[in-house]
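Next come the chains, spelled out residue by residue.
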Amino acid sequence: MERHLQKLSWIKIKELVPSNINTIILPVGTVEAHGSSCLGTDNYIPETIADGIVERLNALIAPTVNYGITKSLYRYNGSSTIKSSTFQSYIRDILDSFVDSKFKNIILLNGHGGNNDALKEVAFNFHREKKANICVIHWWQLCEDFTREFFGHYGGHAGTDETAMIQAIDPKLAGEEDYDPEMAYWYRPGANVYPIPGSILLYKEDKGYPNFNEKQAKEYRIKIIELVCNYAEMVINRWKKIEL
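Residues numbered from 1 in each chain as written. Predicted model: local features only at pLDDT ≥ 70, side-chain atom pairs only at ≥ 80, totals over all residues. Heavy atoms only, no water.

Q: Please explain the nonpolar core as it appears in this structure.
A: Generally speaking, a soluble globular protein has its nonpolar side chains buried in company with each other. Within the largest apolar cluster, 36 residues are counted, with the highest numbers of intra-cluster contacts made by Ile25 and Ile49. Elements with a contribution of two residues or more to this core: α2 (41-57), β2 (59-61), β3 (105-110), β4 (133-138), α5 (139-142), α6 (144-151), α7 (160-169) and α9 (214-242). For this core, the element with the most residues is α9, which contributes 10 residues. If sequence neighbours within four positions are ignored, Ile49 has contacts with Leu109, Trp139, Met165, Ile224, Ile225 and Val228. (Core = buried A, V, L, I, M, F, W, Y, C linked by side-chain atoms within 4.5 Å. Buried < 20%, exposed > 50% of the residue type's maximum accessible area, 1.4 Å probe, protein only. Helix = DSSP H or I, 4+ residues; strand = E, 2+ residues; numbered from the N terminus. Contact = heavy atoms within 4.5 Å.)

Structure below.
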């Protein structure tokens, strides 16, 4: 069946929710520089994860929130940002709408680290006030141990992991022909730099560069979807047991 909310009529939603489906997935990202990969990297990745988990979770997928909180990479051409207060209010209104449409469980799939704190705060306030179930998943953090095992290191911003996910979605979006290792900057938490002097951020010196291995990228994408799905399914099943 069709799983994308915006492709369904209100009549079909009335038939499905909440009697047959009570879970909705909301991908959230931003528009910002990612080395040689596309500006929409943080949107495409949670979208592909959502498509991969939706059937097993018996859920629907809401339209992606494509704009988020971009800071250190804002000055790079094409990047966009939203004020934190505006972003939180906007996300909250969407979450409230889900509850009004009778969804009980919300899986918020975040693709961008700059959104983390804002989403954590808005999710808790939403849960406290609406008594709804919400799980915010930052996919790269949830899967960090696996990424280290798979690649031998942690990926980094626009590094091995994100570039692999984008290459698995569409190799043309990874921009291998424009890649230059000099795009990479070793990010250290002891300094705040605007604009940050590199659109690929390595979190360990000389580890995390994109490798553009398409076969490996496809294997990685499959495993990431499986790991996120396993986690989300576990959370939903435990929600069913406690029924608060």
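That was the structure; now back to the text.
Q: Any chance you could explain the pattern of salt bridges here in plain terms?
A: One pass over the structure, following the stated rule, counts 12 salt bridges. Residues Glu55 and Arg3 are paired through a salt bridge, measuring 3.2 Å at the closest nitrogen-oxygen approach. A residue pair is termed long-range when its members are at least 10 positions apart, and Glu55 in helix α2 and Arg3 in the segment before α1 (10-16) qualify at 52 residues. Of the charged contacts, one joins Glu129 and Arg128 as a salt bridge, the two residues approaching to 3.6 Å between their closest N and O atoms. The exposure class assigned to Glu129 is partly exposed, which follows from its relative accessible area of 46%. Judged by its relative accessible area of 44%, Arg128 is partly exposed. The network of salt bridges with shared partners includes Arg92, Asp96, Arg128 and Glu129. (Salt bridge = Lys/Arg side-chain N within 4 Å of Asp/Glu carboxyl O.)

Q: It is not clear to me how the environment of Lys241 should be interpreted in this structure. Could you clarify?
A: For Lys241, the position within the fold is in helix α9. Look at Lys241 and you get exposed, because its relative accessible area is 74%.

Q: How should I be thinking about the environment of Lys14 in this particular structure?
A: Topologically, Lys14 is positioned in helix α1. Along the sequence, Lys14 and Lys102 sit 88 residues apart, while their C-alpha atoms lie 9.3 Å from each other.

Q: What is the right way to read α7 from this model?
A: Working note: α-helix, 3.6 residues per turn, so residues spaced by three or four point in the same direction. With nine of 10 residues buried, α7 is to be regarded as a mostly interior element. Contact partners of the buried residues in α7: α2, α5, α6, α8 (171-174) and α9.

Q: Just to check I follow, could you spell out the packing of helix α3 (residues 84-100) against helix α4 (residues 116-130) for this structure?
A: Packed helices, taken two at a time, are described by the angle between their axes plus the distance between the axes. At a closest axis distance of 10 Å, the pairing of α3 and α4 adopts a crossing angle of 40 degrees. Here α3 runs over α4; the crossing is right-handed. Contacts between α3 and α4 involve Ser84, Phe87, Gln88, Ile91, Arg92, Leu95, Asp96 and Val99 from the first element and Ala118, Leu119, Glu121, Val122, Asn125, Phe126, Glu129 and Lys130 from the second. (Axes fitted to C-alpha atoms, helices over the stretch in contact; angles between N-to-C directions. Left-handed = near helix turned anticlockwise from the far one by under 90°.)

Q: I would appreciate a short explanation of the packing of α7 against α9 in the present structure.
A: Contact geometry for α7 and α9: axes closest at 8 Å, N-to-C directions at 100 degrees. With respect to each other, α7 and α9 are oriented roughly perpendicular. For the pair α7 and α9, contact is made by Asp161, Ala164, Met165, Gln167, Ala168 and Ile169 and by Glu214, Ala217, Lys218, Tyr220, Arg221 and Ile224, respectively. Of the residues assigned to the contact of α7 with α9, the class counts are seven nonpolar, one polar and four charged. (Parallel < 35°, antiparallel > 145°, perpendicular 65-115°, else oblique. Nonpolar A, V, L, I, M, F, W, Y, C, P; charged D, E, K, R; others polar.)

Q: Help me understand the packing of aromatic side chains in this model?
A: The geometry of two aromatic rings is summed up by the distance between their centres and the angle between their planes. Taken as a whole and judged by the stated rule, the model has 10 aromatic pairs. Ring geometry for Phe146 and Phe150: centres 5.4 Å apart, planes at 40 degrees, overall tilted. Placement of both Phe146 and Phe150 in helix α6 is noted, with a separation of four residues, approximately one turn of the helix. A ring pair is formed by Tyr154 and Tyr203, whose centres lie 6.0 Å apart and whose planes are at 25 degrees; its orientation type is stacked. Of this pair, Tyr154 sits in the loop between α6 and α7 while Tyr203 sits in the loop between β6 (200-202) and α9; the two residues are 49 residues apart in sequence, bridging distant segments of the chain. A connected cluster of aromatic rings, assembled from ring pairs, spans Phe146, Phe150, Phe151 and Tyr220. (Phe/Tyr/Trp six-rings, centres within 6.5 Å; stacked < 30°, edge-to-face > 60°.)

Q: Can you help me understand α4 in this one?
A: When the terminal C-alpha atoms of α4 are compared, their 21 Å separation across 15 residues agrees well with the 21 Å that a helix rising 1.5 Å per residue should span. What α4 keeps buried is the set Asn116, Ala118, Leu119, Val122, Ala123 and Phe126. Buried residues of α4, seen end-on, are gathered within an arc of 155 degrees and therefore sit on one face of the element. Opposite the buried face of α4, at more than 90 degrees from it, the exposed residues are Asp117 and Lys120. Tucked inside the fold, the buried residues of α4 contact α3, β3, β4 and α5. At the exit of α4 stands Lys131, carrying a positive phi of roughly 55 degrees. (Expected span 1.5 Å × (residues − 1). Arc of directions from axis to C-beta.)

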